Amino acid sequence: MEAAAKKCVQWGIALIIAGGLVLVLLPFLVGLLAESAGATAAIGVGLLDVILTLVRWALIPMGTTLIGAAVVIRVLAPALERSSATHTPGN
């Protein structure tokens, strides 16, 4: 497997796993933070919740996109190698 495709797959899997963990654990952790911070920190907890929700929405789609990019790299790399071999300046 090409190095770029391998890195895309590794990062994609890591992002999907991290996104799944964040998706499952984040509401619980934000709830605990809100309880421990109290009513005086409601604005800060709300802002943190919005930011972490955006991160949660981005991790899994980004991971699947990287895996899709690895598939494209894997499919196109042999064609590009053949193309560059036939179009070398010496031929």
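Scroll up to find the structure.
Throughout, a residue's number is its position along its own chain's written sequence, starting from 1. Local features in a predicted model are, by the rule used here, given only for residues with pLDDT of at least 70; side-chain atom pairs are given and counted only at 80 or more, and totals for whole chains, interfaces and linings are based on all residues. For side-chain calculations, the full set of non-hydrogen atoms in the structure is used, while hydrogens and water are omitted.

Overview of the overall build of the chain
No. 1: Each helix is a run of H or I in the DSSP string that is no shorter than four residues. Each strand is a run of E no shorter than two, and both are numbered from the N terminus. Along the backbone of the chain there are 2 helices and 0 strands.
No. 2: Against the compact-globule benchmark of 12 Å for 91 residues, the chain has a radius of gyration of 21 Å, which places it well outside the compact range.
No. 3: Classification of the 91 residues of the chain by burial places 15% in the buried group.
No. 4: Residue contacts are counted whenever heavy atoms from the two residues lie within 4.5 Å of one another. The long-range share in the chain, meaning contacts at least 24 apart out of those at least 6 apart in sequence, stands at 83%.
No. 5: Only four residue types enter the charge count, namely Lys and Arg as positive and Asp and Glu as negative; His and the chain termini do not. Working definition for charges: the position is that of NZ of Lys, CZ of Arg, CG of Asp or CD of Glu. Across the chain, 5 positive and 4 negative side-chain charges occur, with their mean positions spaced 13 Å apart. Atoms counted for the radius of gyration: C-alpha only. Globule rule: 2.2 Å times residue count to the power 0.38. Each residue's exposure class comes from its accessible area (1.4 Å probe, protein chains only) as a fraction of the maximum for that residue type: buried when under 20%, exposed when over 50%, partly exposed otherwise.

Thoughts on helix H1 (residues 3–37)
No. 1: The reported bend at a residue is simply the angle between two axes, fitted to the 7 residues ending at it and to the 7 residues beginning with it. Where H1 bends most, the angle comes to about 45°, and this point is Leu 25, followed within four residues by the proline Pro 27.
No. 2: Residues Ala 5, Cys 8, Gly 12, Leu 15, Gly 19, Leu 26 and Val 30 constitute the buried set of H1.
No. 3: Note on H1: the residue one or two positions beyond its end, Gly 38, has a positive phi of about 85°.

Thoughts on the side chain of Arg 56
No. 1: Residue position: Arg 56 is located in helix H2 (residues 42–86).
No. 2: By definition here, a salt bridge exists when the distance from a side-chain nitrogen of Lys or Arg to a carboxyl oxygen of Asp or Glu is within 4 Å. Here Arg 56 sits buried without a salt bridge, and the closest side chain of opposite charge, Asp 49, lies 5.4 Å off (N-O distance).
No. 3: Not counting the four nearest positions on each side in its chain, Arg 56 is found in contact with Val 22, Leu 23, Leu 26 and Pro 27.

Some points on a nonpolar patch on the surface
No. 1: A contiguous nonpolar patch, built from Ile 13, Ile 17, Leu 21, Leu 23, Val 24, Leu 25, Phe 28, Leu 29, Leu 32 and Ile 60 and spanning about 930 Å² of accessible area, is present on the exposed surface.
No. 2: Among the elements that take part in the nonpolar patch, H1 stands out by supplying 9 residues, more than any other.
No. 3: With respect to the element layout, Leu 25 can be found in helix H1. Patch building starts from residues that exceed 30% relative accessible area and form no salt bridge, then joins like charges within 9 Å and nonpolar side chains (Val, Leu, Ile, Met, Phe, Trp, Tyr) within 5 Å. With residues, only the protein chains shown are counted as cover, and all accessible areas are computed by Shrake-Rupley using a 1.4 Å probe.

Digging into the environment of Ala 4
No. 1: Here Ala 4 is to be found in helix H1.
No. 2: Ala 4 gets classed as partly exposed once you look at its relative accessible area, which sits at 42%.
No. 3: In this structure the C-alpha to C-alpha distance between Ala 4 and Pro 61, which are 57 residues apart in sequence, comes to 19 Å.

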